[in-house]
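Commentary on secondary and tertiary structure
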Amino acid sequence: PNLLLQKFPAASFTATTKLEFTANNDSETIGLIVMGLDYSYLALKREGEQLFLLKANCKDAEKGGIEQEELRIPLDSGAIYFRVSVAEGGKCQFAYSTDGSSFQDFGALFTSREGKWIGAKVGLFSIRDAHKNDGGYTDVDWFRISP
């Protein structure tokens, strides 16, 4: 219920989204994910009073693979652009921007794998550790796929 995904639309494409994250509680996380048997994502996560930009990966997720955080930096604002550029062979490079025009690669290249019944997928996710009725929210301005 925390995922909004679509199948890869082509062998190579770019998915970009503009969003603003307003977290109310620790562990609230919003991100852009590439998902299949393995997954990788770029996300904003609240810890204490601080927002962090992070990249994480998981190999063999369906078989209980352990998610590994690859990179993390503090951010001052929840207004951000996320991008993943997918090249032939499922090679995915995540990037972010605070202004929408200058994107900075974030983390190592990730090679996507197919899902269980269909190919790899790309989209947004939102999670947190505990259920509370006063959760934060995210305004997603747009989500675009381009060749």
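Report on the accompanying structure. Within each chain, residues carry numbers counting from 1 in the order of the written sequence. With pLDDT at 70 or above as the cut-off, local features in this predicted model cover only qualifying residues; side-chain atom pairs require 80 or more to be listed or tallied, and sums for whole chains, interfaces and linings still use all residues. Processing note: side-chain calculations cover all non-hydrogen atoms of the structure and skip hydrogens and water entirely.

**Concerning the nonpolar core**
Note the threshold: Residues belong to a common nonpolar core when they are buried Ala, Val, Leu, Ile, Met, Phe, Trp, Tyr or Cys residues joined through side-chain atoms within 4.5 Å. Only protein chains enter the calculation, and the probe is 1.4 Å; a residue is then buried if its accessible area is under 20% of its type maximum, exposed if over 50%, and partly exposed in between. In what follows, a contact means two residues having at least one pair of non-hydrogen atoms within 4.5 Å.
The biggest cluster of nonpolar side chains holds 24 residues, and the ones touching the most others in it are Leu44, Leu53, Ile80, Phe82 and Val84. Sequence-distant contacts of Leu44, defined by excluding residues within four places in its chain, comprise Phe21, Glu28, Thr29, Ile30, Phe52, Leu53, Leu75, Gly78, Ile80 and Phe82. Formed by eight residues, the second largest nonpolar core is a distinct cluster that contains Ile33, Ala43, Leu54 and Ala56.

**Side note on the pattern of salt bridges**
As a reminder, the rule being used: The term salt bridge refers to a side-chain nitrogen of Lys or Arg lying within 4 Å of a carboxyl oxygen of Asp or Glu. Working definition: helices are DSSP H or I runs of at least four residues, strands are E runs of at least two. Numbering for both runs from the N terminus.
Considering all chains together, one arrives at eleven salt bridges under this definition. Of the charged contacts, one joins Lys116 and Glu62 as a salt bridge, the two residues approaching to 3.4 Å between their closest N and O atoms. One end of the pair, Lys116, is in the loop between β10 (110-111) and β11 (121-127); the other, Glu62, is in the loop between β5 (50-58) and β6 (68-75), and 54 residues separate them in sequence. Take Lys116: its relative accessible area is 55%, and that puts it in the exposed class. The class of Glu62 is exposed, set by a relative accessible area of 53%. Its salt-bridge partner being Arg72, residue Glu69 comes within 2.6 Å of it at the nearest N-O pair. By relative accessible area, Glu69 is classed as partly exposed at 42%. Salt bridges sharing partners connect three or more residues here, namely Asp38, Lys59, Asp60 and Arg113.

**Describing the sheet that holds strand β1 (residues 3-7)**
The test is simple: Each pair of strands is called paired provided DSSP finds at least two bridges between the two strands. Interaxial angle, 0 to 180 degrees, is taken between N-to-C directions of lines fitted to C-alpha atoms, where a helix line uses only the stretch in contact.
Strands sit in the order β1-β11-β3-β4-β5-β6 across an open sheet of six strands; the sheet is antiparallel. Where the open sheet ends on each side, the last strands, each with one partner, are β1 and β6. Across the sheet, the mean angle separating the axes of adjacent strands is 15 degrees when strand polarity is ignored. Pairing between β1 and β11: five bridges, direction antiparallel. Looking across to β11, one finds that Lys7 is bridged to Lys121.

**A closer look at the packing of aromatic side chains**
Keep this limit in mind: Centre distance within 6.5 Å is the pairing criterion for rings of Phe, Tyr and Trp, where only the six-membered ring of Trp is used; planes under 30 degrees apart are then read as stacked, over 60 as edge-to-face, and the remainder as tilted. Whether a charge sits over a ring comes down to the Lys NZ or Arg CZ being within 6 Å of the ring centre and within 35 degrees of the ring normal.
Inspection of the entire model under this criterion finds six aromatic pairs. Counting every residue linked through ring pairs, the aromatic cluster contains Tyr39, Tyr41 and Phe125. Sitting over the ring of Phe52, Arg72 keeps its end group 4.8 Å from the ring centre. Over the face of the ring belonging to Phe103 we find Arg83, whose NZ or CZ atom lies 3.7 Å from the ring centre.

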